[in-house]
Amino acid sequence: MTEPSGETAPEAVPPTVRPGTAAERDAEEKPETAGRPGAGDGATTPEEPGTPEHPRADGTPDTGERPETEEPGAGDEARTGADRESGGDGESGADRESGAADEPDTAEPHADVAADGGTADAAEPGADGGAGDGGSSGDLSDAQVELAAQRELRAKIAARKAEKDGPLASGAKLSGTAADLLAAVRAVEGGAASGSSLYEAPEPATRRPAAEAAPEMTVRPPAPERPAAPAPGTTAAVREVLAEGGAPESLAVPVAAALGEGAAAMLREDPWQLLTVAGVKPEQADGFARALLGPACGPGDPRRTVALTVWLLERAALQGHTALEIQAVRAGLAGHAVPDPEEAVETAVSEAAVLVFQEEETAQDPEDDEDDEAAGEGAAAPAAEPEPAAPVLLGLDRYALAEESLADGLARLVRTATADTWEGGELERAAGAHGLVLHTGGEASRAEPVALAAAARARGLRTLVAVHADAGRRALGTTGADAVTVGALLSGAAGPGRDEDGAFALDLLVVLDAPQLDVETGAMLVESLPDGCRLVLSGDPEVLGAPGAGRVFADVLAARVCPRVASRVPDPGPLGELVSGIGVGELNQVEAPGKEIVIVPVRDAGEAVHRTVQLVADSVPRAIGVPSEQTQVVTVGHGGSAGTRALNAALKQRLNPGPGRFGGYDPGDRVAYAPVPGRTVTGTVLSADPEGLRLRCGDDELLVPRDRVEPALRHGWALTAHQAAGARWPAVVVVLPGDAAGGLSRPWVYTAFGRAERHLSVVHGVDQALARAVAEGVAPERTTRLRPLLEGLLAPEEQ
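Residues numbered from 1 in each chain as written. Predicted model: local features only at pLDDT ≥ 70, side-chain atom pairs only at ≥ 80, totals over all residues. Heavy atoms only, no water.

## What to know about the pairing of strand β13 (residues 670–676)
Move 1: Burial runs high along β13: 7 of the 7 residues are buried.
Move 2: Taken together, the 5 bridges between β13 and strand β14 (residues 679–689) define a ladder with antiparallel strand orientation. Within the sheet, the bridge partner assigned to Val 671 lies in β14 and is Gly 683. (Buried < 20%, exposed > 50% of the residue type's maximum accessible area, 1.4 Å probe, protein only. Helix = DSSP H or I, 4+ residues; strand = E, 2+ residues; numbered from the N terminus. Pairing = 2+ DSSP bridges.)

## Observations regarding the nonpolar core
Move 1: Residues Leu 509 and Leu 535 are the most contacted members of the largest nonpolar core, which totals 88 residues.
Move 2: Considering every element that reaches this core, the biggest residue donor is helix α9 (residues 302–318), with 8 residues.
Move 3: Leave out the neighbours within four places in its chain, and Leu 535 touches Leu 410, Leu 413, Gly 435, Leu 436, Val 437, Leu 509, Val 511, Val 526 and Leu 529.
Move 4: Counting 39 residues, the second largest nonpolar core, distinct from the first, contains Leu 544, Leu 587, Val 636 and Tyr 750. (Core = buried A, V, L, I, M, F, W, Y, C linked by side-chain atoms within 4.5 Å. Contact = heavy atoms within 4.5 Å.)

## Re the environment of Asn 648
Move 1: With respect to the helices and strands, the residue Asn 648 is situated in helix α22 (residues 644–655).
Move 2: Residue Asn 648 is classed as buried on the basis of its relative accessible area, which comes to 4%.
Move 3: For the pair Asn 648 and Val 609, spaced 39 residues apart in sequence, the C-alpha separation works out to 9.6 Å.
Move 4: Excluding anything up to four places from it in sequence, Asn 648 contacts Arg 714, His 715, Gly 716, Trp 717 and Ala 718.
Move 5: At a separation of 3.0 Å, a polar atom in the side chain of Asn 648 contacts the main-chain amide nitrogen of Trp 717.
Move 6: At 2.8 Å, the side chain of Asn 648 forms a polar contact with the backbone nitrogen of Ala 718. (Polar contact = N/O pair within 3.5 Å; in protein donor to acceptor, adjacent residues only side chain to side chain.)

## Side note on the packing of aromatic side chains
Move 1: One pass over the structure, following the stated rule, counts 0 aromatic pairs.
Move 2: A cation over a ring is seen here: Arg 785 above Phe 357, with NZ or CZ 3.8 Å from the ring centre. (Phe/Tyr/Trp six-rings, centres within 6.5 Å; stacked < 30°, edge-to-face > 60°. Lys NZ or Arg CZ within 6 Å of the ring centre and 35° of its normal.)

## Some thoughts on the packing of helix α5 (residues 232–244) against helix α6 (residues 252–259)
Move 1: The interhelical angle for the contact between α5 and α6, taken along N-to-C directions, is 115 degrees, at an axis separation of 9 Å. When the axes of α5 and α6 are compared, the crossing they make is right-handed. Together, Thr 234, Thr 235, Val 238, Arg 239 and Leu 242 of α5 and Ala 252, Val 253, Val 255 and Ala 256 of α6 make up the contact between the two elements.
Move 2: Across the contact of α5 with α6, the residue classes tally to 6 nonpolar, 2 polar and 1 charged. (Axes fitted to C-alpha atoms, helices over the stretch in contact; angles between N-to-C directions. Left-handed = near helix turned anticlockwise from the far one by under 90°. Nonpolar A, V, L, I, M, F, W, Y, C, P; charged D, E, K, R; others polar.)

## Some thoughts on the pattern of salt bridges
Move 1: Overall, the coordinates contain 24 salt bridges when judged by the stated rule.
Move 2: Linking Glu 404 and Arg 785 is a salt bridge whose minimum nitrogen-to-oxygen distance equals 3.3 Å. In this pair, Glu 404 is assigned in helix α13 (residues 397–416) and Arg 785 in the loop between α26 (769–776) and α27 (786–793), connecting sequence segments 381 residues apart.
Move 3: Between Asp 689 and Arg 694 there is a salt bridge, with its nearest N and O atoms 2.6 Å apart. (Salt bridge = Lys/Arg side-chain N within 4 Å of Asp/Glu carboxyl O.)

## Points about helix α11 (residues 341–350)
Move 1: For α11, the full list of buried residues reads Pro 341, Ala 344, Val 345, Thr 347, Ala 348 and Val 349.
Move 2: A positive backbone phi angle near 60 degrees is found at Ala 352, which sits one or two residues after α11.

## Structural notes on α13
Move 1: A rise of 1.5 Å per residue sets the reference length of α13, with its 20 residues, at 28 Å; its end C-alpha atoms lie 28 Å apart and thus fit the reference within 8%.
Move 2: When you tally the buried positions in α13, you get 14 out of 20 residues, the bulk of the element. (Expected span 1.5 Å × (residues − 1).)

## Examining the side chain of Thr 644
Move 1: Tracing the backbone through its elements, the reader meets Thr 644 in helix α22.
Move 2: We classify Thr 644 as buried; its relative accessible area is 0%.
Move 3: Within the structure, the side chain of Thr 644 is placed 2.6 Å from the side chain of Arg 714, a separation counted as a polar contact.
Move 4: If near-sequence neighbours (up to four positions away) are discounted, Thr 644 is found in contact with Thr 635, Gly 637, His 638, Arg 714, Ala 718, Leu 719 and Thr 720.

## With respect to the sheet that holds strand β5 (residues 436–440)
Move 1: Across the sheet, which stays open at both edges, the 6 strands sit in the order β7-β6-β8-β9-β5-β10 with parallel pairing between neighbours. Lying at the two open borders of the sheet, with one neighbouring strand each, are β7 (483–485) and β10 (564–566). Geometrically, the sheet is characterised by an average inter-axis angle of 20 degrees between neighbouring strands, direction not taken into account.
Move 2: Bridge count for strand β8 (residues 508–511) against strand β9 (residues 534–539) is 4 bridges, and the pairing is parallel. Looking at β9, one finds that Val 511 is bridged to Leu 537.

## Structural notes on the sheet that holds strand β15 (residues 692–697)
To summarise the sheet geometry, strands pair through backbone hydrogen bonds and adopt either a parallel or an antiparallel arrangement.
Move 1: Taken together, the 5 strands give an open sheet; going across it, the order is β16-β15-β14-β13-β17, and neighbouring strands pair in antiparallel fashion. Only two strands of the sheet have a single neighbouring strand rather than two, namely β16 (700–705) and β17 (713–715). Direction aside, neighbouring strands of the sheet carry axes that sit 45 degrees apart on average.

## A look at the pairing of strand β11 (residues 597–601)
Moving residue by residue along a regular strand, the side chains alternate between the two faces of the sheet.
Move 1: Within β11, 5 of the 5 residues are buried, which leaves it mostly tucked inside the rest of the structure.
Move 2: Here β11 shows no split at all, with Ile 597, Ile 599 and Pro 601 on one side and Val 598 and Val 600 on the other all buried.
Move 3: The pairing of β11 with strand β20 (residues 756–764) spans 5 bridges and is parallel. Opposite Val 598, over in β20, you have Ser 761 as the bridge partner.

Dropping the structure here:
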């Protein structure tokens, strides 16, 4: 009873077949160099690596039609252990990356998380059978230690917020009784009252005293106890209820883990609680409810409408939204046959299942009023058009708490930093004078915040650099020893010690790849910084957004509450020129004398898989000099005949054939592992034992427990762009089959093409769709509350 989700390719678009002679078709059996990928018939200049191109009479390159070829393993998707889920739909828990089933990348699925994290549910212990009755016990894995530490830290954040008196500083706290609140919301929507009537005036947040500096030493927290599996009696009782309703017994463990000790009674009383389990669809929960309740249930049952409202907001979070407009929620409920969506929303709010927000409007500057009065003297001033009221939003408490905590924490850093005069460049001077600084730029600009960290360390400050992924840390070269991943920092596996309040022993934290911060991770990170600590967020605003809910970097940039330093360092070479043009909406023709950019035209998905395998296994190592193990394939989605599953099956057959005797994997297989949502660890399978699979990831070895192999591990020769964000490889092959055209956007192309350091091959089958995506394909914005919260706490500054 699972739900496929992720970057599934859209419906196939009939490919354009270009005529050509037999000689031309033979010439295309090798990669062709191109200066302008996707520029259409005449703008592409394909060339065989190491072989002169054969121009036509008009000067354009020859791209004739090739004969059909049958690609290995590109039929219906080959299933491995990581490609199976309890419902048998071919989508593994590790393949859930955006939450929206069968939605393309244009929806900016934030959790390209499959092995980039799966969904949040897929990475939680106990979800999807992760804590089964027969699960193996023993030493804790790094992922389990990390998850437990994050849960403990989130609990501390919640406790701190609960101790504060008065309304929330952002003005978004609910006031009065639930009935009064509902009446106020209806009054706002009807125009009878202003949005400010819902909230009390914001009060300054209570500042905690500065903590004494902790000693400069690494302190590892004690290993938390292994999360206990649901009691056998609870699981057995749930299994009995599931059997009565005709639901798969495999859901017993995740249901028991999600609902707790009284899960069976809760499920019998409210069968729609089944929607709390990842992958369960509303129609499946409806069928289960009808089997248990009979004619007593209907589409307007309050239990059903409340569960569906929460489910819609959870689905929105998987697409990156921390809240939704109330009208969007009502429309979603109507789409699931709820007879009165407005009443359903009111019921969900009155039962505190969801929260309602409307941000206060920013007061008009008095100087603007004076200007208006002066302009109106002696003449009738034109009537100003009233600004539209802020929309009413619905959200879940976990994301509301995270955004409130993050906004409050950032404001605390801004207010408690002691201004100092630092000599150096623009970034160094800004970091010395302010507690929060934003830095933007491409891949080459990463050297600037790293140099800032080195200079601060030379001043005697306790300084650390944090990156999104291990590959990003290793890319820093000699400075890699002073850099950690954000996940390892929060879990305590790396980084400085903490004081008695849980704050890091740091004076300056530099976060690279900041666009990959989701709101919950950002809140935990900022709440862990002591008063007076400086925070520098650095990243490329053009790349795909965070794999979790929220858009922290973009919201802080838009709020204009701190200095913003834009790097002037361009990315070098033909690849840098190509990617920089994409960032401003132009797919430029680029000279690539060293075969830095190669275009391989294809007619269909089957040929795309065949040519991709040929490039990785033969052409790139032979003509470019980059071995297969340093070449990464990037494609639009997991599904489809040229998605990651089909490509990984074909690449395994060519590069490391085997029976998959260890849960679908063999020693030597290239894999992508999601220890926590939003973080991909790529590596190679070393061996298997009763405890699980052992991987080599960079310089480290780690163990994937047996119960985590299926939901969190998958083959990794091919990744999606969301999974690849934050890492780079010497060579990258981007696969664009015809049926992927609808999933393209400018951020997707920018991110995918920007993963290459030395060489980029584009397996091109989308014709003009690539150029259109670069020029027009702006990814849809996420609905979040962080920007107005920051603007309410910190007056915008003119930078």
